[in-house]
Amino acid sequence: MNITRAKEILKHQFGYDSFRMNQEAAIEAVLEKKDAVVLMPTGGGKSLCYQIPALMLDGLTVVVSPLIALMKDQVDALVNNGVNAAFLNSSQSNQEQIEVFQRIKSGDLKLLYVAPERLLQSGEQFIDFLESINVSLFAIDEAHCISSWGHDFRPEYIQLGKLKRYFPEIPIIALTATADKLVRKDIFERLNITRAELFISSFNRPNIYYSVEQKRGSFEKLLDFLEPRREESGIIYCLSRASTESLAMDLKDEGFSALPYHAGLTRETRQKNQELFLNDDVKIIVATIAFGMGIDKSNVRFVVHMDLPKNVESYYQETGRAGRDGLESRALLFFSWGDVIKLKGFAEIENNQQQSEIMLKKLNQMGEYGDLKSCRRRFLLKYFDENLNKDCAHCDNCDTDFEKFDGTVIAQKALSAVARTDQKMGLTYLVDFLRGSKSQKIWDSHKNLKTYGVGADISKDDWFEYFRDLIQQGFLAQTESQFPAIVLTETSLDVLKGERKVELYKITEKKEEKLSLVGQQAPPYEKPLFDELKTLRTALARKENVPPYVIFSDAALIEMATYLPLSTADMLKISGVGDVKMSKYGTEFLAIIARYTEKNELSSKIGLKSKRREPKTRIKRNVSGESTYSISYKMFKDGKSVADIARERGFAVSTIENHLAKFIETGELSVNDLVSEEKIEAIRSAVIECGDDGGLSKIKEKLGENFTYGEIRAVIADFMSNYAAA
Ligand code: ADP
Ligand code: ZN
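Since the model is a prediction, treat every value here as computed from it, not as a measurement.

Turning to the overall build of the protein, a few remarks are in order. Of the regular secondary structure elements, the protein holds 32 helices and 17 strands. A compact globule built from 726 residues would reach a C-alpha radius of gyration of about 27 Å, and the protein, at 28 Å, matches this within 12%. Projected onto its principal axes, the C-alpha coordinates of the protein cover approximately 90 × 65 × 55 Å. For the protein, the proportion of its 726 residues judged to be buried stands at 55%. Pairs at least 24 residues apart make up 73% of the contacts formed inside the protein by residues separated by at least 6 positions. A total of about 31,600 Å² of accessible surface is found on the protein, and carbon and sulfur atoms cover 49% of it.

Shown next as structure tokens:
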């Protein structure tokens with residue numbers, strides 16, 4: 001009975017045909033006044049688990065949510081579906097807050113969003129107030145914030161434990177996308193809901209395609225990745241604030257619409273950038289992890305990590321921000337073991353051996369993912385204790401054939417190169433050495449060694465792969481310093497003496513990414529119509545001052561452009577169109593569809609729409625032309641100065657310096673071409689002194705006026721080229 005009513009609300013108020021995953025079960029529990037803990041992946045549909053009960057229960061549902069910035073959007077989205085919802089937070093004027101209180105008292109509100117600190121303010125006035133009204137349910141969103149094991153601990157959440165004491169009769173529903181067992185235990189205990197029912201949904205996100213690329217040359221690879229996605233929204237995560245800014249700049253130079261986001265920007269800038277992104281006015285946000293918790297933008301088509309995240313939980317949560325609308329999306333990670341080593345420094349927690357060990361273990365698991373040769377999805381789900389019974393066929397590794405071969409001779413060459421150069425050199429140097437590079441970087445004394453040049457028949461990239469493989473298998477190791485050297489291990493000698501065979505992975509080109517497997521049967525959608533519908537959506541969103549997805553999601557528009565609804569009844573069959581949205585916007589969208597179908601002599605295909613299948617967008621293929629980098633490089637090789645190139649190409653000098661730095665990294669340019677010998681020495685010592693933290697600006701500060709960022713970058717690039725980690 002209850003559930004029939006819940007389904008009616010799902011259809012009429014929210015426009016959806018069926019419940020997903022554990023939504024139904026969780027709603028049922030709450031309606032029976034039981035406490036519930038809901039673990040569902042990002043985009044799974046946690047909100048409906050409390051929004052639907054809120055509409056069915058008598059009284060007010062109080063939603064605790066950590067992010068003030070998000071509340072307005074959440075409330076706008078509800079109001080747009082005809083739900084009486086409001087929020088209370090510090091961004092509002094007194095008058096606005098008074099109005100909200102009045103609406104609560106009059107019993108008109110069904111949902112109230114508040115921040116935890118607001119709920120449990122000093123003096124507990126607010127609790128007193130809630131005791132004086134009829135509260136039907138507490139919903140604790142992002143409940144993992146209560147656990148110090150989690151990646152996003154917020155001390156204010158601890159206070160929420162009091163709720164059960166004050167309101168023992170009122171059910172609590174706690175929701176999170178983090179499934180870690182320790183976190184889960186904390187949620188039950190700290191919220192005092194030890195007898196709550198637990199609802200765990202599959203964490204699989206079938207519409208996300210996972211892939212990993214080697215970090216070397218990541219910027220160029222990124223450009224190749226982004227080129228066919230110019231019209232799509234995405235998030236690019238970087239480890240440091242400085243790199244978010246410089247990457248956003250570089251992408252802008254390449255004509256992409258990109259803005260940075262990190263905690264060091266002013267509140268206004270952050271808010272502005274976030275809003276531009278939410279409203280589709282800027283396509284790419286280049287961010288530190290400060291960005292995105294709870295970002296409720298459904299049409300994020302890709303999430304890229306330029307640097308390694310600290311653990312698999314964070315990675316999964318961050319990539320989970322892609323494809324909430326169920327459409328085909330991408331998660332791309334640029335990986336190097338060097339990042340693992342770099343992050344080890346951060347994983348150490350002073351005076352807490354136990355926690356440090358957990359962090360290190362998690363970091364290593366993240367490294368394992370980066371280096372994985374088997375199904376990525378399987379690995380990720382296994383991490384969350386979920387077993388996939390077969391490979392997913394929808395990740396880069398599933399699309400690659402891995403074969404092994406007898407690589408003993410290759411291994412011997414590599415190992416002896418390490419031995420002959422006294423175990424002092426970095427990976428790139430060794431590869432250049434093996435390939436007999438004529439570069440000035442190679443020490444003269446090394447050029448006389450027998451091993452010099454014995455690996456010239458193998459490409460640079462392949463050598464990198466083989467070294468990685470040898471390290472993985474323990475035949476070599478990498479020292480743990482900022483500029484790690486490759487060293488021998490106990491097993492090395494056996495190989496060198498010919499007493500042990502080594503199998504290596506055959507290197508095969510990654511297959512062209514396959515078209516989406518999930519949505520092949522859906523008929524193609526009318527792109528021009530989709531664009532027209534988007535324009536209308538943008539106009540409406542502007543008028544109402546809400547993000548576009550609050551009107552209709554991309555998925556809903558694509559359905560419209562696929563099935564061409566021509567009547568109100570047709571329109572209500574589109575996923576995401578409920579009664580309220582139909583009456584608010586239906587006519588305008590129908591009018592555009594009608595005009596379009598008439599002009600193009602099409603008829604409605606709504607009959608083809610089966611209930612469950614959602615149409616998927618297709619991945620476009622990659623077309624890469626000559627990169628902007630190589631253009632700058634060629635001009636430089638032709639004898640032009642950096643300043644000349646900058647002027648001719650209409651770029652900033654720093655951009656050109658950046659371009660050239662890449663060629664220093666690859667050894668195609670020498671750092672001496674750009675920076676004088678004395679300066680190189682000074683910069684080197686500053687870099688070593690500053691280490692990894694603080695980034696360029698700190699190094700620059702140390703060096704002073706006479707040094708440019710470009711010079712510093714060039715020297716670092718040279719460093720990297722000799723010591724790049726596997
Ligand atoms: P979460 O909070 O778990 O990350 P949301 O509650 O924001 O996810 O839901 C993600 C998207 O999925 C929203 O656009 C929501 O409207 C949609 N959604 C939720 N439940 C359903 C359903 N049963 N059918 C179709 N779409 C749904
Ligand atoms: Zn797979």
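Judged by nonpolar contacts, the single largest core of 77 residues is most densely connected at L119, L130 and I140. Looking at which domains feed residues into this core, each of domain 1 (3-200) and domain 2 (208-383) gives three or more. Not counting the four nearest positions on each side in its chain, I140 is found in contact with V64, Y157, L160, L163, I172, I173, A174, L175 and L191. Ranked by size, the runner-up nonpolar core spans 46 residues in total, among them A258, I656, I680 and I712.

Each α-helix turn comprises 3.6 residues. Residues three or four places apart therefore point the same way. The end-to-end C-alpha distance of helix α1 (residues 2-14) is 17 Å, a good match for the 18 Å that 13 residues give at a rise of 1.5 Å each. Of the positions making up α1, those classed as buried are I3, A6, I9, L10, Q13 and F14. An end-on view of α1 places all buried positions within 115 degrees of arc, on one side of the element. For α1, the secondary structure elements touched by its buried residues are α2 (23-31), α3 (46-56) and α4 (68-80). Positive backbone phi, approximately 80 degrees, marks G15, located one or two places after α1.

This paragraph deals with helix α22 (residues 527-544). The end-to-end C-alpha separation of α22 is 26 Å, in line with the 26 Å expected for 18 residues at 1.5 Å each. Those residues of α22 not exposed but buried are L529, F530, L533, L536, R537, L540 and A541. Looking down the long axis of α22, one finds its buried residues gathered within 140 degrees of arc, a one-sided arrangement. More than 90 degrees from the buried face of α22, the exposed residues found are T535 and R542. Lining the buried residues of α22 we find α23 (548-551), α24 (554-563) and α26 (579-599). Immediately beyond the C-terminal end of α22, within one or two residues, lies N545, with a positive phi of roughly 55 degrees.

The zinc ion (ligand 2) binds to the protein through C375 (SG), C392 (SG), C395 (SG) and C398 (SG); the donor distances cover 2.3 to 2.4 Å. All donors of the zinc ion (ligand 2) come from a single chain, and their spacing in sequence reads C-x16-C-x2-C-x2-C. Taken together, the residues span a long stretch of sequence, with C375 in the loop between α15 (353-371) and α16 (376-383) and C398 in the loop between α16 and β14 (404-406) at a distance of 23 residues. Overall, the relative accessible area of 3% leaves C375 in the buried class. On the basis of relative accessible area, C398 is assigned to the partly exposed category, the value being 21%.

Turning next to the packing of helix α10 (residues 218-226) against helix α11 (residues 241-253). Running from N to C, α10 and α11 point in directions that differ by 55 degrees, and their axes come no closer than 12 Å. Relative to α11, the element α10 is oriented oblique. Seen along the crossing, α10 lies across α11 with a hand that is right-handed. Between α10 and α11, the contacting residues are F219, L222, L223 and L226 on the first element and L247, D250 and L251 on the second. Partitioning the contact of α10 with α11 into residue classes produces 6 nonpolar, no polar and 1 charged.

On to the pattern of salt bridges. For the coordinates displayed, the defined rule picks out 32 salt bridges. The salt bridge partner of R103 is D108, with a shortest N-O separation of 2.9 Å. Here the residues in one salt-bridge network are D280, K297, R537 and D554, joined through shared partners.

This paragraph deals with the sheet that holds strand β2 (residues 60-64). Spatial ordering of the open sheet is given by β3-β4-β2-β5-β6-β1-β7, a layout of 7 strands whose pairing is parallel. Here the strands that pair on one side only, and so sit at the sheet edges, are β3 (85-88) and β7 (197-200). In this sheet, adjacent strand axes meet at a mean angle of 20 degrees when their direction is disregarded. Relative to strand β6 (residues 172-176), strand β5 (residues 135-140) is paired through 3 bridges, and the arrangement is parallel. Residue pairing for β6: A139 is matched across the bridge by I173. Sheet strands in contact with helix α5 (residues 94-105) are β2, β3 and β4 (111-114), and its direction is about 135 degrees off that of β3.

Under the domain assignment used here, the protein contains domain 1 (3-200), domain 2 (208-383), domain 3 (402-507) and domain 4 (527-725). The centre of domain 2, based on its C-alpha atoms, is set 31 Å off from the matching centre of domain 3. With 7 residues of domain 2 at the contact, the number on the domain 3 side is 11 residues. Carbon and sulfur atoms supply 56% of the area that domain 2 and domain 3 bury against each other, a total of about 970 Å² over both sides. When the buried surface of domain 2 facing domain 3 is broken down by residue, R216, I341 and K373 rank first, second and third, together holding 60% of it. Scanning the region where domain 2 abuts domain 3 turns up 0 salt bridges. The tally of links from domain 2 across to domain 3 stands at 1 residue pair in polar contact (both at pLDDT 80 or more).

Looking now at the site of ligand 1. Within the structure, ligand 1 sits among 15 residues, and Y16, S18, G43, K46 and S47 are positioned closest to it. Coverage of ligand 1 by the protein amounts to 84% of the 570 Å² it exposes when considered alone. The element contributing the most residues to the shell around ligand 1 is α3, with 3 residues. Its residues assigned to classes, the shell around ligand 1 comprises 4 nonpolar, 7 polar and 4 charged.

On the basis of which strands lie adjacent, the open sheet formed by 6 strands has the order β8-β13-β12-β9-β11-β10 and parallel pairing. Pairing within the sheet leaves two strands with one partner each, and these edge strands are β8 (208-214) and β10 (258-261). Geometrically, the sheet is characterised by an average inter-axis angle of 15 degrees between neighbouring strands, direction not taken into account. When strand β12 (residues 300-305) meets strand β13 (residues 329-335), the two strands line up parallel, connected through 4 bridges. Note that in β13 the partner of H305 across the bridge is L333.

Right, let's talk about the pairing of β10 for a bit. Across the two faces of β10 the burial is the same, with A258 and P260 and L259 and Y261 all buried. Note: β10 against strand β11 (residues 284-287), 4 bridges, orientation parallel. The residue bridging Y261 from the neighbouring strand is A287, located in β11. In this fold, the crossover linking β10 to β11 by way of helix α12 (residues 267-278) has right-handed handedness.

The N-to-C vectors of α2 and α3 enclose an angle of 40 degrees; their axes lie 9 Å apart at closest approach. By the criterion of interaxial angle, the relationship of α2 to α3 is oblique. Crossing of α2 against α3: the hand is right-handed. Between α2 and α3, the contacting residues are Q23, A26, I27, V30 and L31 on the first element and L48, C49, I52, P53 and M56 on the second.

Definitions and cut-offs
Residues numbered from 1 in each chain as written. Chains lettered and ligands numbered in written order. Predicted model: local features only at pLDDT ≥ 70, side-chain atom pairs only at ≥ 80, totals over all residues. Heavy atoms only, no water. Helix = DSSP H or I, 4+ residues; strand = E, 2+ residues; numbered from the N terminus. Rg over C-alpha atoms; globule rule 2.2 N^0.38 Å. Buried < 20%, exposed > 50% of the residue type's maximum accessible area, 1.4 Å probe, protein only. Contact = heavy atoms within 4.5 Å. Areas by Shrake-Rupley, 256 points an atom, 1.4 Å probe, with all protein chains shown as cover. Core = buried A, V, L, I, M, F, W, Y, C linked by side-chain atoms within 4.5 Å. Domains from an automatic or database assignment. Expected span 1.5 Å × (residues − 1). Arc of directions from axis to C-beta. Donors = N, O, S within 2.8 Å, 3.2 Å for Na, K, Ca; no water. Axes fitted to C-alpha atoms, helices over the stretch in contact; angles between N-to-C directions. Parallel < 35°, antiparallel > 145°, perpendicular 65-115°, else oblique. Left-handed = near helix turned anticlockwise from the far one by under 90°. Nonpolar A, V, L, I, M, F, W, Y, C, P; charged D, E, K, R; others polar. Salt bridge = Lys/Arg side-chain N within 4 Å of Asp/Glu carboxyl O. Pairing = 2+ DSSP bridges. Buried area = accessible area lost by both parts, 1.4 Å probe. Polar contact = N/O pair within 3.5 Å; in protein donor to acceptor, adjacent residues only side chain to side chain. Near = heavy atom within 4 Å. Right-handed = clockwise from strand over helix to strand, strands pointing away.

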